[in-house]
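Structure assessment
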Amino acid sequence: MVTATPTELLRWIVVLPFLGALWNLFLGRRLKGSVTLVGPGVLLGAFLVGVKAILDLHALGHDAALRDAVFTWIPASEFTAEAALWLDPLSAIMVMVITGIGFLIHVYSVGYMHDDADVARFFTYLNLFVTAMLILVLADNLLLLFVGWEGVGLCSYLLIGFWYDKEENAIAGKKAFIVNRVGDAGFLLGLFLLVQTVGTVDISSLPQHVDALRTATIGGVPVALAIGLLMFVGATGKSAQIPLYVWLPDAMAGPTPVSALIHAATMVTAGVYLIARMHVLYALAPAALEVVAIIGAFTALLAALIAITQTDIKKVLAYSTVSQLGYMFLGLGVGLPGAALFHVVTHAFFKGLLFLGAGSVIHGMGGEQDMRKMGGLRHHMPLTCLTMLAGTLAISGVPPLSGFFSKDEIIWGAVAGPHAQPWLGVIGYLVAFLTALYMGRLFCMTFLGTLRADEHTKHHLHESPAVMTLPLVVLALLSVGGGFIPIPAIVELVTGHPHGHAHAPLWALVLASGLAFGGLGLAYALYVVAPDAPVRLAANLGALYRLSLDKFRIDELYDRLIVRPLFAAAGFLASTIDQGLIDGAVNGSGSLVSEASRLVRRLQTGNVQHYAFSFLVGVVLLLGWMLR
Amino acid sequence: MTPEQLLGNAPPSWYLVLSAVLFAIGVVGVLVRRNLIVIFMCVELMLNAVNLSFVAFARAQGVMDGQVIVFFVMAVAAAEAAVGLAIMLQLFRVRETINADEVTTLRW
């Protein structure tokens, strides 16, 4: 049983970034110099408060949590919801990732957005984004969590469409927003179902309602399964899983630090966190977990296959994120939330690093994102190249870098874990090889070989300033050494130890690292040693290659199946029902009165003699009737 | 030849028929003529037709009530004529017409 200790410390973790957002919103434009201090500064403050809170938590020992009851939010008689924050080891990890990585990204943004006219607005959104994400992970109940959940959705919309004068960016922002709304509908339905079943939204009180959740059914379906699946729909939206992953690659339209923030520290990890947080519920619904595992594995595979052929450096990384998130859900699905969270953290390290590195490359290339026009950048941007190498090796799973440990934990968990699905483990190994291949391809095309840029870009080419490279170095160190943080053990303080926890045997470790080296080696052979081989390969694999290049035409499929029918239905409603039926009825009753009055108006000539005539007719009729 | 000699033996119905004919001429005049003064005159004709009925009835009954009412009617008609002519005079100043068809701006 968890004992919650009251504190008033936690609110400052949330309030500080929010104050930063307010400062930048109202004073940022006037005090231009303050933005670049306040923006990252509040994050550092939140990080330090978080460290202090975690030290307090640690001093309380196992099975403890800090609870900051800020105010009673909804005091209805039967149902109450408090605005309370909750810090246990699970949320502590997330707070460290969000504020820590977030701080580095903020510092980097100072350099990256230096020339932008709207820096104040940018940092307002950025701080607000972090605020919303912190509310999400620290929320004591699901209602408050939903506030943060919607908050990150809003901020992602604002930031992806940050350069709103470009139509394409505005559309990408809208797409992220709308796709997420679809997922949120699932989340809300699950939430309602939970309230109906147990009458509370408190996450920490869920263990007391296990019996009710286990026995209740709705329409013949166990409630736990229904809630689990509905909440997973929400998670697929936020965390970009099949079928709602399509917004994430388009989200690349935003400034690169935003991509790093979305992909590393906020937003996409929300779905993973939600399912880990609701582990009590999912333990009652193994079928829901099975769905999570299968969706995760297939998302990982699909996205990795797409990533292989993309030429936009950020698109490769975006599909890579979708793929890695698939790993995390696979980990959750096979009953290892610790391993999933482990991958969340290491992924935050190396994906944050890779995005910021890509941003550094784009910055140096003067906005060029096409890898076909890069190459040989190791001579021009040595520090970026070195840190990117660390990130590439880490994500590919080269031992003993961080990605190796977290990925191995998940894949071996799929093969021999508590809810093992060995065939999903096989997909996991396949994706591990593909990951090394596409990341090796990205690195080779960007930094090795010869420079393929035009003269103007070549002349402009330069290493990024220290304010940008310093976060890269810190993240590179974390990517290399992050695997030694005992995240699974920390998470299991909250979720409990999985049954039959198995350590991977030596052959599995050798296999995993062999796949990593194999993928990287193949990429080196294809893109450095024999650069014309990929072209021939692409020609030979014609249809398959084009399918991958076109992202398996999923967007087009959605367009046909959902978007266009919706537009057609909306068009029908607009033209036939609204303009025809409703407007017709409204205008019809108006013109009916108008027509009738046109007839009666004839009587009102204003001519006295006409009135006198009708008067006479009336008198004659009256007399005729009286004298009858 | 006095009126008694001329009409002394005439029954009241003759007066009433004459009165009705005069009244009908007045009504038709009000309805068909467009000149406001002529309409006005036709109204006077209708009033006098009624006066004739009053006098005829009074004489037939041998009482004076009818004659008295006729004086009232004539007094009111004189007052009405003064007001009506004043209105027409004013109307002619503003609109330069006393044609009833052209003075319909007060409708609605």
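Heads up: the structure comes first, above all this text.
In this text, all values refer to a predicted model and were calculated from it rather than measured experimentally.

Rules and cut-offs
- Every chain's residues receive numbers from 1 upward, in the order its sequence appears when written.
- Starting at A for chains and at 1 for ligands, labels are handed out in the order in which the entities are written.
- Given that the model is predicted, a residue must reach a pLDDT of at least 70 before its local features are reported, and side-chain atom pairs must reach 80 or more before they are shown or counted; all residues, however, enter totals for whole chains, interfaces and linings.
- The side-chain quantities take in all heavy atoms of the structure and omit both hydrogens and water.
- In this text, helices come from DSSP runs of H or I with a minimum length of four residues, and strands from runs of E with a minimum of two, each type numbered from the N-terminal end.
- Whether a residue is buried, partly exposed or exposed follows from its accessible area with a 1.4 Å probe, protein chains only, as a fraction of its type maximum: under 20%, in between, or over 50%, in that order.
- For this analysis, residues touch if any pair of their heavy atoms sits within 4.5 Å.
- The Shrake-Rupley method, run with a 1.4 Å probe, gives the accessible areas here. Residue values count only the displayed protein chains as cover.
- Axes, fitted as lines to C-alpha atoms, cover a helix only where it is in contact. Angles between the N-to-C directions of the axes lie from 0 to 180 degrees.
- Throughout this description, any angle smaller than 35 degrees is read as roughly parallel, any larger than 145 degrees as roughly antiparallel, any in the 65 to 115 degree range as roughly perpendicular, and the remainder as oblique.
- Crossings are assigned a handedness: left-handed for a near helix turned anticlockwise from the far helix by less than a right angle, right-handed for a clockwise turn.
- Charged means Asp, Glu, Lys or Arg here, nonpolar means Ala, Val, Leu, Ile, Met, Phe, Trp, Tyr, Cys or Pro, and polar covers whatever is left, Gly included.
- What makes a salt bridge here is a side-chain nitrogen of Lys or Arg within 4 Å of a carboxyl oxygen of Asp or Glu, nothing more.
- The term buried area means the drop in 1.4 Å probe accessible area that two parts suffer when joined, counted for both and summed.
- Counting of polar contacts relies on pairs of N or O atoms within 3.5 Å, with two restrictions inside protein: one atom must be capable of donating a hydrogen and the other of accepting it, and residues adjacent in sequence are counted only when both atoms are side-chain atoms.

1. Digging into the overall build of chain A
Secondary structure summary: chain A contains 26 helices and 5 strands in total. Looking at chain A residue by residue over its 628 residues, the buried ones come to 54%. In chain A, the proportion of contacts linking residues at least 24 apart, taken out of those at least 6 apart, comes to 80%. For chain A, the accessible area works out to roughly 26,300 Å², and carbon and sulfur atoms hold 70% of it.

2. Describing the packing of helix α15 (residues 337–364) of chain A against helix α20 (residues 466–481) of chain A
All names here are of chain A. Put simply, α15 and α20 touch, their axes get as near as 9 Å, and they point 150° apart. Relative to α20, α15 is oriented roughly antiparallel. For the pair α15 and α20, the crossing hand works out as left-handed. Residue-level contacts link Phe349, Phe350, Gly352, Leu353, Leu356, Gly357, Ser360 and His363 of α15 to Met468, Pro471, Leu472, Leu475, Ala476, Leu478 and Ser479 of α20. Across the contact of α15 with α20, the residue classes tally to 10 nonpolar, 5 polar and no charged.

3. Some points on the pattern of salt bridges
Close approach of charged atoms allows side chains of opposite charge to pair. Residue and element names in this part refer to chain A. Following the criterion strictly, the structure yields 17 salt bridges over all chains and no others. Of the charged contacts, one joins Asp250 and Lys175 as a salt bridge, the two residues approaching to 3.1 Å between their closest N and O atoms. Of the two residues, Asp250 is situated in helix α9 (residues 247–250) and Lys175 in helix α6 (residues 167–198); the sequence distance between them amounts to 75 residues. By relative accessible area, which is 26% here, Asp250 ends up partly exposed. Among the salt bridges present, the one from Arg598 reaches Glu595, with a minimum N-O distance of 3.0 Å. One end of the pair, Arg598, and the other, Glu595, are both in helix α25 (residues 554–601), 3 residues apart, so they sit about a helical turn from each other. The class for Arg598 is partly exposed, based on a relative accessible area of 41%. Residues joined in a network through salt bridges with shared partners are Glu150, Arg181, Asp184 and Lys238.

4. Quick look at the interface of chain A and chain B
Many structure descriptions define interface size as the accessible area lost when the parts assemble. Facing the 9 residues of chain A at the interface are 13 residues of chain B. Counting each side, the surface lost to burial between chain A and chain B is near 820 Å², with a carbon and sulfur contribution of 56%. Here chain A and chain B share 0 salt bridges between them. Linking chain A to chain B there are 3 residue pairs in polar contact (both at pLDDT 80 or more).

5. Concerning helix α11 (residues 269–277) of chain A
With 9 of 9 residues buried, α11 of chain A lies mostly within the body of the structure. Thr269, Ala270, Gly271, Val272, Tyr273, Leu274, Ile275, Ala276 and Arg277 of chain A are the residues of α11 of chain A that are buried.

6. A look at the side chain of Ser91 of chain A
All names here are of chain A. Checked against the element boundaries, Ser91 lands in helix α3 (residues 89–112). One polar contact links the side chain of Ser91 to the main-chain carbonyl oxygen of Trp86, over a distance of 3.1 Å. From its side chain, Ser91 meets the backbone nitrogen of Asp88 in a polar contact 3.0 Å long. For Ser91, the residues in contact, after removing those within four places along its chain, are Trp86, Val137, Leu138, Tyr273 and Arg277.

7. Some thoughts on unusual backbone geometry
Residue and element names in this part refer to chain A. Residue Pro243 follows Ile242 across a cis peptide bond; omega there is 5°. Cis rather than trans, the peptide bond between Pro399 and Pro400 has omega equal to 0°. Mapped onto the elements, Pro400 comes out in the loop between α16 (382–396) and α17 (402–416). Positive phi, normally seen in glycine, also occurs at Ala240, with a value near 55°. Mapped onto the elements, Ala240 comes out in the loop between α8 (223–238) and α9. According to the relative accessible area criterion, Ala240 is buried, its value standing at 0%. Of note in this structure, Met267 is not a glycine but carries a positive phi near 60°. Along the chain, Met267 turns up in the loop between α10 (256–265) and α11. Overall, Met267 belongs to the buried group, its relative accessible area being 0%.

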